[in-house]
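As a plain string of letters, each chain reads:
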Amino acid sequence: ELGSLKQLNDISLQHNKLTGEIPQSLGHLEKLRKLYLSYNNFSGTIPVKLADIANLEILDIQNNSLSGTVPSGMPLSLFHCNKIRLFLCIRARSN
């Protein structure tokens, strides 16, 4: 499981047709700086546990099937740190 690989700095999994939710366990990767998950088919919301990654500089989750908003208190928000590059493309699902 990716969440147990504590020394990871960068994860690049874009364009892999991955499905399901983004794993909460990624929040355990304290040294992670870059997380590229774009162009997959992830669903659900952005995991709140990603807010625990203090060194995260890039979160690229564009072109997935995510819903909801950026979790409150998430340090990746441009409101908290303007040096963070946050790529989001969250599509609202129609009912």
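Let me begin by describing the structure that accompanies this report.

Conventions and cut-offs
Residues numbered from 1 in each chain as written. Predicted model: local features only at pLDDT ≥ 70, side-chain atom pairs only at ≥ 80, totals over all residues. Heavy atoms only, no water. Helix = DSSP H or I, 4+ residues; strand = E, 2+ residues; numbered from the N terminus. Contact = heavy atoms within 4.5 Å. Pairing = 2+ DSSP bridges. Buried < 20%, exposed > 50% of the residue type's maximum accessible area, 1.4 Å probe, protein only. Salt bridge = Lys/Arg side-chain N within 4 Å of Asp/Glu carboxyl O.

It is worth spelling out the environment of Leu32 at this point. You can see Leu32 is positioned in the loop between strand S2 (19–21) and strand S3 (34–36). Sequence-wise, Leu32 and Ile11 are 21 residues apart; in three dimensions their C-alpha atoms are separated by 7.8 Å. If near-sequence neighbours (up to four positions away) are discounted, Leu32 is found in contact with Leu8, Asn9, Asp10, Ile11, Ile53, Asn55 and Leu56.

Taken in spatial order, the three strands line up as S2-S4-S6 in an open sheet, and their pairing is parallel. Each of the sheet's edge strands pairs with one partner strand only, and the pair in question is S2 and strand S6 (65–66). Bridging between S2 and strand S4 (residues 41–44) involves three bridges; their strand directions are parallel. Following the sheet pairing, Gly20 is matched in S4 by Phe42.

Attention now moves to the pairing of S4. Across the two faces of S4 the burial differs, with Phe42 and Gly44 buried and Asn41 and Ser43 not buried at all. One ladder, built from two bridges, connects S4 with S6; its direction is parallel. Each residue of the ladder has a partner; that of Gly44, found in S6, is Leu66.

Our focus in this paragraph is the side chain of Ser38. Within the secondary structure, Ser38 is located in the loop between S3 and S4. Assessed through its relative accessible area of 3%, Ser38 is described here as buried. Contacts of Ser38, omitting those with residues within four sequence positions, involve Gln14, His15, Asp60, Ile61, Gln62 and Asn64.

Tallied over the full model, the rule gives two salt bridges. A salt bridge links Arg33 to Glu57, with the shortest nitrogen-to-oxygen separation between them at 3.4 Å. One end of the pair, Arg33, is in the loop between S2 and S3; the other, Glu57, is in the loop between S4 and strand S5 (58–60), and 24 residues separate them in sequence. Two residues, Lys49 and Asp52, come together in a salt bridge whose shortest N-O distance is 3.2 Å.

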